[in-house]
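Breakdown of the fold
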Amino acid sequence: MAMFGSKKSKPSEGSELVLAYLEEAQRVRTHLTLMDAKDRSVTATLTSVTEERVSLSLQTPLQADKGASLSLMFILDGLRFKTSARLLEMKPGSAVLDLPTAISLAERRKRPRARLNPREGATAIALTGLFDGVGINGTIENISETGVCIRVDRAMEVKTQRKMHMGANLLAVGQPLMLIKLTKLPKCPTLELEGTVAYLDASQGLLVGIAFDPGKASLLAPVRALVASRTAAIPMTVPPKARRQVEDDGEDEGTHHRPAPKQEPEAAPETPPADTTAAPVIEPPPASPTQELDPVPVVHLDDRSQALLRVKKRTRGILLAMPEGPHRDLLQGFLAEEGYGRVLCADTLTDLLDHLDHPGLHLVLVDGGVAEVQGLALASLLRHRMGEDMPPVVLAEESVDAELVLGAQEAGVAQILVKPYGLDPDFLHMLEEHLGIG
């Protein structure tokens, strides 16, 4: 009888808070760091959370004995949390811990940070040196008044622009960065700062954390306003959180999952009402008993993204500021074959200014320039004429020196290409990044 049966004790208030955070971490598939007493760590994900124990899937082997105390760290809701638990069971690729009794904040930052959606298009470029060293560019994951986190899309040698392997040894923690350029931050101008590498994480792609050099409070005022509009102050204690689904304390297990009440079927109307929002459904013809139905075609998300990319390419306007000749014809034909619908050319200043007066120009490639003005001087002219409305300008030069790099920065040049450059996937990827369609 139920009155003589044992009943599960209700979790304490502290355990309820731990369950709420761990269940949410499991739901959003948060990556956790499991660390032993000797600071040896492995990356893990939650596979099961109950009121007695926690099961994890390990990416690398864990060196710990049964009964050892382990620390569990994870980031959720923009905050960093820490808890500890005892190891109950260890198997290859998995571990089982008892349910932690408490959870605490382990936030390292003293200022709040704002997360950015990749669709917002905020990007960053960081260089260890202006003339040599390592350069990275990518999208901004989050930002605060004191630093920024970049998801690296490309790494290269600054001098030769040769691609480099994007691993955890690409940069060293504490390495100075001579230039950090942040563009397309919401309601912020383009920012150019200096800083140091704070951390690297290569577990899911390459993330690079950068700490800004102090003394730039006035320059970072727009960032401070952006963060304030999206976040609150960092709490001093763990914020309260309720579990999404709390089990009912019924006397028997049958009360946990009650079947939905049976409903009598309603008579279908003779004429179904028209639904203007739903797509029309075409019923296939009935198949004979011996006829085998054809499989329904599946539209993959990758096909949709490629179709969307083709549409975007057709709407982007690219202006080639370069002398008439075989190289320009080859480049124009190459871009047309890749789906760009508006590839314009200008070899005189008159033609260039005429194209600038028409809307729909999204990128300018200066390769040699026009008859009257060439190279960096032409980029400076574009900046002077168009100001903040100037589209990304890519400057192609046979050699790169300090004077060219500094001049390109002042002129707002988005990237310098070293000639000769190949018409290859890297070149296309560079264009897509500056056009915002990558």
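Everything below is about the structure printed above this text.
Residues numbered from 1 in each chain as written. Predicted model: local features only at pLDDT ≥ 70, side-chain atom pairs only at ≥ 80, totals over all residues. Heavy atoms only, no water.

On to the environment of Asp65, then. Following the sequence through the fold, Asp65 ends up in the loop between β3 (53-58) and β4 (69-76). The exposed category is assigned to Asp65, whose relative accessible area is 63%. Separated by 25 residues in sequence, Asp65 and Met90 place their C-alpha atoms 8.1 Å apart. (Helix = DSSP H or I, 4+ residues; strand = E, 2+ residues; numbered from the N terminus. Buried < 20%, exposed > 50% of the residue type's maximum accessible area, 1.4 Å probe, protein only.)

This brings us to the environment of Gly138. Following the sequence through the fold, Gly138 ends up in strand β10 (residues 134-143). The class of Gly138 is buried, set by a relative accessible area of 5%. Sequence spacing of Gly138 and Asp153 is 15 residues, and the spatial spacing of their C-alpha atoms is 4.6 Å. The residues touching Gly138, leaving out its near neighbours within four places in the chain, are Ala122, Thr123, Ala124, Ile150, Arg151, Val152 and Asp153. (Contact = heavy atoms within 4.5 Å.)

At their nearest, the axes of helix α5 (residues 349-356) and helix α6 (residues 375-386) sit 12 Å apart, and the two run at 35° to each other. The way α5 lies across α6 gives a crossing that is right-handed. For the pair α5 and α6, the contacting residues are Leu349, Leu352, Leu353 and Leu356 in the first and Leu378, Leu381, Leu382, Arg385 and Met386 in the second. Looking at the contact of α5 with α6 residue by residue, the classes come out as 8 nonpolar, no polar and 1 charged. (Axes fitted to C-alpha atoms, helices over the stretch in contact; angles between N-to-C directions. Left-handed = near helix turned anticlockwise from the far one by under 90°. Nonpolar A, V, L, I, M, F, W, Y, C, P; charged D, E, K, R; others polar.)

Below, the discussion takes up the nonpolar core. Considering soluble globular proteins, one finds that nonpolar side chains tend to be buried as a cluster. Judged by nonpolar contacts, the single largest core of 32 residues is most densely connected at Ile136, Ile140, Leu182, Leu185 and Val208. Once you skip the residues sitting within four places of it in the chain, Ile136 turns out to touch Ala124, Ile125, Ala126, Val152, Arg154, Ala155, Leu170, Leu171 and Val208. (Core = buried A, V, L, I, M, F, W, Y, C linked by side-chain atoms within 4.5 Å.)

Looking now at the packing of aromatic side chains. Inspection of every chain in the model, using the stated rule, returns 4 aromatic pairs. Look at Phe334 and Phe427: their rings are 6.5 Å apart centre to centre, the planes differ by 55°, and that puts the pair in the tilted class. Within this pair, whereas Phe334 is found in helix α4 (residues 326-337), its partner Phe427 is found in helix α8 (residues 425-435), the two being separated by 93 residues in sequence. Among the aromatic residues, ring-to-ring pairing joins Tyr21, Phe74 and Phe81 into one connected group. We note Lys241 situated over the ring of Tyr21; from NZ or CZ to the ring centre the distance is 5.2 Å. (Phe/Tyr/Trp six-rings, centres within 6.5 Å; stacked < 30°, edge-to-face > 60°. Lys NZ or Arg CZ within 6 Å of the ring centre and 35° of its normal.)

Glancing now at the pairing of β3. Sheet topology places strand β2 (residues 41-49) next to β3; 5 bridges connect them, and they run antiparallel. Bridge pairing in β3 links Thr45 to Ser57. A loop of 3 residues connects β2 with β3, the two strands running antiparallel in sequence. Judged from the 5 bridges that link them, β3 and strand β6 (residues 94-98) form a sheet pairing that is antiparallel. Across the sheet, residue Leu56 finds its bridge partner in β6, namely Ala95. (Pairing = 2+ DSSP bridges.)

Where β4 meets strand β5 (residues 79-91), 8 bridges bridge the pair, whose relative direction is antiparallel. Looking across to β5, one finds that Ser69 is bridged to Arg86. Note that β5 and β6 share 4 bridges and pair antiparallel. In the sheet register, Glu89 faces β6, and the bridge partner there is Val96. Taken together, β5 and the strand that follows it, β6, pair antiparallel across an intervening segment of 2 residues, in which Gly93 is found at a positive phi of about 85°.

Further remarks concern α4. Helical geometry note: an α-helix holds 3.6 residues per turn, so side chains three or four residues apart project in the same direction. In this model α4 runs 16 Å from its N-terminal to its C-terminal C-alpha over 12 residues, within 8% of the 16 Å that 1.5 Å per residue would give. Within α4, burial applies to Arg328, Leu331, Phe334 and Leu335. Mapping the buried residues of α4 onto a view down its axis gives an arc of 130°, with all of them on the same face. Counted as exposed and oriented over 90 degrees from the buried face of α4: Pro326, Leu330 and Glu337. Elements that come into contact with the buried residues of α4 comprise β15 (317-321), β16 (342-346), β17 (363-367) and α8. (Expected span 1.5 Å × (residues − 1). Arc of directions from axis to C-beta.)

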